[in-house]
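# Structural overview
Spelled out, the chains give:
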Amino acid sequence: MDEYLAKLLDVIDKNSLDVDKKFIIESYEFAKEWHNGQKRESGEEYISHPAAVACILAEMKMDTLSIAGGLFHDLLEDTSFTYEMFVKKFGVELADIVDGVTKLTMIELKTREEMFAENVRKMFLAMSKDIRVLIIKLADRLHNMRTLNFKSEKKQKEISRETLEIYAPLAHRLGMSKIKWELEDLSLRYSNPEAFYEIVVAIQEKRVEREQYISYVVDMLKENLNEKGIPNDIEGRPKHFYSIYRKMHDKNKTIDQIFDLTAIRVIVNTVNECYAVLGIVHTIFKPIPGRFKDYIAVPKPNMYQSLHSTLIGPHGKTFEIQIRTFEMHKIAEYGIAAHWKYKEGIEESAASDIKLAWIREILEWQNEIKDSKEFMESLKNDLITDEVYLFTPKGAVIDLPYGSTPIDFAYKIHTDVGNKCVGAKVDGKMVPLDFKLSNGQIVEILTSNNAKGPNLDWISVVKSSSAKSKIKSWFKKQLREENIVKGKELLEREAKKQGFNFGEVFKTDIFETIIKKANLYNFDDLYAAVGVGDINASSIVTKIRDQLHPKHKQTDEELLKDLQDKIEGEKLKKVKKGKVDVLVKGEQNILVRFAKCCNPVPGDKIVGFVTQGRGVSVHRSDCVNFHNLMMQDGNKQIEVEWANEGKGKYSTSLQINGEDREWLVSDIASVLSEYKVHMDSINAKANKDKTAIISISISVQNIDDIKFIIKKIKRLNGVSDIFRTTN
């Protein structure tokens, strides 16, 4: 028996694991055989790495398949052993776990960032089915970080950055604090060695003094708890280096200004004893107001439970104390891994599934994001951003990213609640929908069946990626339905123009061929593409005609060239709207039209989209319709800019949500009249829940006019929200 296997079996025995050791030995020998001849950059046999990963999983007290998965995690990537061979040899369950951990090596991508993003996408999809995929991946990353000294300095910094941005936050989300701390400390060591060793030296210099102080406090606590007959385990835990670094960096402090470098942890048997200990501690030492947190009554979403309090100890020195049960401590160390148990491959704990709802949320919104850079930015935002804990009126806890609004809260409850949201109350008081929520607030969402749905402005207001995705999805669906109808009408009209019945052709195989060549999935996709202007109805009908009458047939290459020549070579006249020009790439002699979906006005950030035969369509840069168009054909975007801003009149629509009170419409009209803003139309609806929705159309010169009017109307009594709408 070699040293790596002997160490693995020793870890299994020390942790008294109920695993199939015979299978583990067979798995080790099998992995060693397939990795035979491979070396790590350290010069060690490659099997040393899978064995070390398996040891980390055994220390976490994971099950047989998890430990075997650690041994096999590089097999599909680094050897010729295939997934199909894996299924035949070890079964589907273990094969899927290993496949989930395996990187995407067969996809050709432009950059390392894109490759990493696609790997993370695949990992999330796999771990939504089996969380052991992520636990193995974290163990793999931890051992890679422990042996990072054999990599080049450039690689060290790249891998450390990935670890800090993705893997450490994932460990935090799963409650695996022991893994998270080590990943963060190792990442700091390689990404910023000067800061790391400065902290190490500073802490080492005062280690003896600090240990004496902590020992003195621990003895005082033990004496008092023993007198009360409360069995306890008390220890001092030094803060990990990255935590200290963040405090120094974020609060611009020196290490001498950070007092709570050590936390004292008290572990007892029951929840009642936790609160009893808290009372005793607060009697002995003076608590600092506002620095007490009860994570037992309100656990963190990652299952963490504990009582936290910051105290003034002997000699006026502050320290933090954590009080928890032994079971809570086990979960605090290893999180989901502490109680993720399997019986014949089936999860026993239904509660665990609820704790991992955030994985499904990420899967929902990541399907809407095609761009790798945008996906990674959204993921980092959701993982790294601090959280706020809020309550529904019935007392349910809702966690959201720091800076979230009532709109985020509404979509967190349910998509329909978000889509029908017209107002919100926080702690019983009406607030605007862009109100920033804080810890502990009670949030009530006001909805109406008459609500038109979300608006584009919400995308820039919400903080959570899930809410952004749901808002974009709503607009995409709404616009898609309209474009399907429009596209079908255009095709029928063009077919009639070219002399045949569209309905008869629809039933032939010709349509199937055209859909495949256009890289579309079904008829509705084709109709939507035609309706939105991405595919010209005439070109589709011409293709059908060419299929029916081969003598008229034109190759796809020729047809595409004709369309491109038509767009590029067409000399279009200059068109003005009022006295304001839009320049296309600095040129004036280009036909432009303003998109009806978002009604851009001077001052809005604008983008252009080249349409078939209708010049350039100008959209607001945050227009969902424009982004949908770009997803279908990113080559048609063109630079546009405003010229002579603020001399024309532009129509824009606003929606006002608020209380159904007397004179609200009159007050709105008075504001518009006072500031000489022309109102083109107004429509008001009162709902059964005593809320009102008022839609107005006004004429303005630029974006500043809109901002000014929104600001004035928002100040009116009873107005909860006001925003621009789309047609």
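Since the structure is predicted, the reported quantities are computational estimates derived from the model, not experimental observations.

Scoring rules and cut-offs
Residues numbered from 1 in each chain as written. Predicted model: local features only at pLDDT ≥ 70, side-chain atom pairs only at ≥ 80, totals over all residues. Heavy atoms only, no water. Helix = DSSP H or I, 4+ residues; strand = E, 2+ residues; numbered from the N terminus. Buried < 20%, exposed > 50% of the residue type's maximum accessible area, 1.4 Å probe, protein only. Contact = heavy atoms within 4.5 Å. Expected span 1.5 Å × (residues − 1). Axes fitted to C-alpha atoms, helices over the stretch in contact; angles between N-to-C directions. Parallel < 35°, antiparallel > 145°, perpendicular 65-115°, else oblique. Left-handed = near helix turned anticlockwise from the far one by under 90°. Nonpolar A, V, L, I, M, F, W, Y, C, P; charged D, E, K, R; others polar. Core = buried A, V, L, I, M, F, W, Y, C linked by side-chain atoms within 4.5 Å. Salt bridge = Lys/Arg side-chain N within 4 Å of Asp/Glu carboxyl O. Pairing = 2+ DSSP bridges. Phe/Tyr/Trp six-rings, centres within 6.5 Å; stacked < 30°, edge-to-face > 60°. Lys NZ or Arg CZ within 6 Å of the ring centre and 35° of its normal. Polar contact = N/O pair within 3.5 Å; in protein donor to acceptor, adjacent residues only side chain to side chain. pLDDT = per-residue confidence, 0-100. Patch = residues over 30% accessible without salt bridge, like charges linked within 9 Å, V, L, I, M, F, W, Y side chains within 5 Å. Areas by Shrake-Rupley, 256 points an atom, 1.4 Å probe, with all protein chains shown as cover. Lys, Arg positive; Asp, Glu negative; His and termini not counted. Charge placed at Lys NZ, Arg CZ, Asp CG, Glu CD.

Tallying secondary structure elements over the protein gives 31 helices and 22 strands in all. Looking at the protein as a whole, 51% of its 727 residues are labelled buried. For the protein, long-range pairs separated by at least 24 residues make up 66% of all intrachain contacts whose partners lie at least 6 apart in sequence.

Here we come to helix 15 (residues 271-284). The first and last C-alpha atoms of helix 15 sit 20 Å apart over 14 residues, in line with the 20 Å expected at 1.5 Å per residue. Within helix 15 the residues assigned to the buried category are Glu273, Cys274, Val277, Leu278, Ile280 and Val281.

The interhelical angle for the contact between helix 7 (residues 92-101) and helix 9 (residues 132-146), taken along N-to-C directions, is 50°, at an axis separation of 9 Å. In terms of orientation, helix 7 and helix 9 fall into the oblique class. Relative to helix 9, helix 7 is oriented so that their crossing is right-handed. On helix 9, the residues that touch Glu93, Asp96, Ile97, Gly100 and Val101 of helix 7 are Arg132, Val133, Ile136 and Lys137. Split into classes, the residues belonging to the contact of helix 7 with helix 9 amount to 4 nonpolar, 1 polar and 4 charged.

A few words on the nonpolar core. Core analysis: the largest hydrophobic core is formed by 63 residues, its most contacted members being Leu8, Leu57, Met60, Ile67, Phe72, Phe86 and Met176. It is helix 9 that provides the largest number of residues to this core, a total of 8 residues. Apart from residues no more than four positions distant in its own chain, leucine 8 is found in contact with Ile24, Ala54, Cys55, Ala58, Ile67 and Leu71. Val462, Ile471, Cys623 and Val624 belong to the second-largest nonpolar core, a separate cluster that totals 35 residues.

So, about the pattern of salt bridges. Counted under the stated rule, the structure contains 18 salt bridges. Put simply, aspartate 2 and lysine 32 hold a salt bridge, and the shortest N to O gap is 2.8 Å. Residue aspartate 2 is located in the segment before helix 1 (3-14), and its partner lysine 32 is located in helix 2 (residues 21-34); the two are separated by 30 residues in the primary sequence. Exposure remark for aspartate 2: the relative accessible area of 21% places this residue in the partly exposed category. Judged by its relative accessible area of 27%, lysine 32 falls in the partly exposed class.

What the 4 strands build is an open sheet, ordered 20-21-19-22; its pairing is antiparallel. In this open sheet, the two edge strands, each paired with only one partner strand, are strand 20 (679-686) and strand 22 (719-724). Along the sheet, successive strands turn relative to each other by an average axial angle of 15°, direction set aside. The pairing of strand 19 (residues 650-659) with strand 21 (residues 691-700) spans 10 bridges and is classified as antiparallel. Bridge pairing in strand 21 links glutamate 659 to threonine 691.

This brings us to the sheet that holds strand 14 (residues 592-594). What holds strands together in a sheet is hydrogen bonding between their backbones, with the strands either parallel or antiparallel. The strand order across the open sheet formed by 4 strands is 14-16-15-17, and the pairing between neighbours is mixed. Looking at the sheet topology across the chains shown, the edges are occupied by strand 14 and strand 17 (637-638). With 5 bridges joining them, strand 15 (residues 606-610) and strand 16 (residues 616-620) adopt antiparallel strand pairing. Within the sheet, the bridge partner assigned to isoleucine 606 lies in strand 16 and is arginine 620.

All right, on to the packing of helix 2 against helix 4 (residues 64-72) then. Between two packed helices, the angle of one axis relative to the other and the distance separating the axes together describe the packing. Where helix 2 contacts helix 4, the axes come no closer than 9 Å and their chain directions differ by 10°. Classed by the angle they form, the pair helix 2 and helix 4 counts as roughly parallel. Residues Phe23, Ile24, Ser27, Tyr28, Phe30 and Ala31 of helix 2 form the contact with helix 4, whose own contacting residues are Thr64, Leu65, Ile67, Ala68, Leu71 and Phe72. The residue inventory of the contact of helix 2 with helix 4, partitioned by class, reads 10 nonpolar, 2 polar and no charged.

So, about the packing of aromatic side chains. This model, assessed by the stated rule, comprises 20 aromatic pairs. Aromatic side chains phenylalanine 30 and tryptophan 34 sit 6.3 Å apart centroid to centroid with 40° between the ring planes, which places their arrangement in the tilted category. With phenylalanine 30 and tryptophan 34 both in helix 2 and 4 residues apart, the pair spans about one turn of that helix. Taken together, the aromatic side chains of Phe23, Phe30, Trp34, Phe72, Phe81, Phe86 and Phe90 make up a single cluster linked through ring pairs. Here lysine 317 stacks its cationic end above the ring of tyrosine 213, 5.1 Å away from the centre of that ring.

This part covers the environment of isoleucine 159. Summarising the element assignment, isoleucine 159 is placed in helix 10 (residues 153-173). Given the relative accessible area of 11%, isoleucine 159 is considered buried. Along the chain, isoleucine 159 and serine 187 lie 28 residues apart, while their C-alpha atoms are 8.0 Å from each other.

Once that is clear, we can look at the side chain of glutamate 320. Tracing the sequence through the fold places glutamate 320 in strand 5 (residues 318-325). Here the side chain of glutamate 320 touches glutamine 322 through a polar contact of 3.3 Å, side chain to side chain.

Okay, the confidence of the model for the protein next. Scored by pLDDT, the protein has a mean of 79; 79% of the residues are at 70 or more. No element of the protein has a lower mean pLDDT than strand 6 (residues 342-343), at 36, and none a higher one than helix 3 (residues 48-59), at 95. In this model, residues 341-352 is a region of pLDDT below 50 whose contacts with residues beyond four sequence positions or in other chains number 18 contacts. Contacts of residues 551-580 to residues separated by more than four positions or lying in other chains number 46 contacts, the stretch itself having pLDDT below 50.

For the rest of this paragraph, the subject is the environment of alanine 195. With respect to the element layout, alanine 195 can be found in helix 12 (residues 193-205). Distance in space between the C-alpha atoms of alanine 195 and tyrosine 245 is 7.5 Å, their sequence separation being 50 residues.

Moving on, we get to a positive patch on the surface. On the surface, Lys251, Lys253, Arg291 and Lys293 cluster together into a patch of positive charge. Locating lysine 253 in the fold gives a position in the loop between helix 14 (241-251) and strand 2 (262-268).

What follows concerns the environment of glutamate 211. Counting through the fold element by element, glutamate 211 comes out in helix 13 (residues 207-227). Of the residues examined, glutamate 211 reaches a relative accessible area of 44% and is grouped as partly exposed. Expressed as a C-alpha distance, the spacing of glutamate 211 and glycine 236, which sit 25 residues apart in the sequence, is 8.3 Å.

With that out of the way, let us pick up the pairing of strand 10 (residues 421-426). Among the 6 residues of strand 10, 5 are classified as buried, and the element is accordingly described as predominantly covered. Across 5 bridges, the pairing between strand 10 and strand 12 (residues 443-447) is antiparallel. Bridging across to strand 12, valine 426 finds its partner in valine 443.

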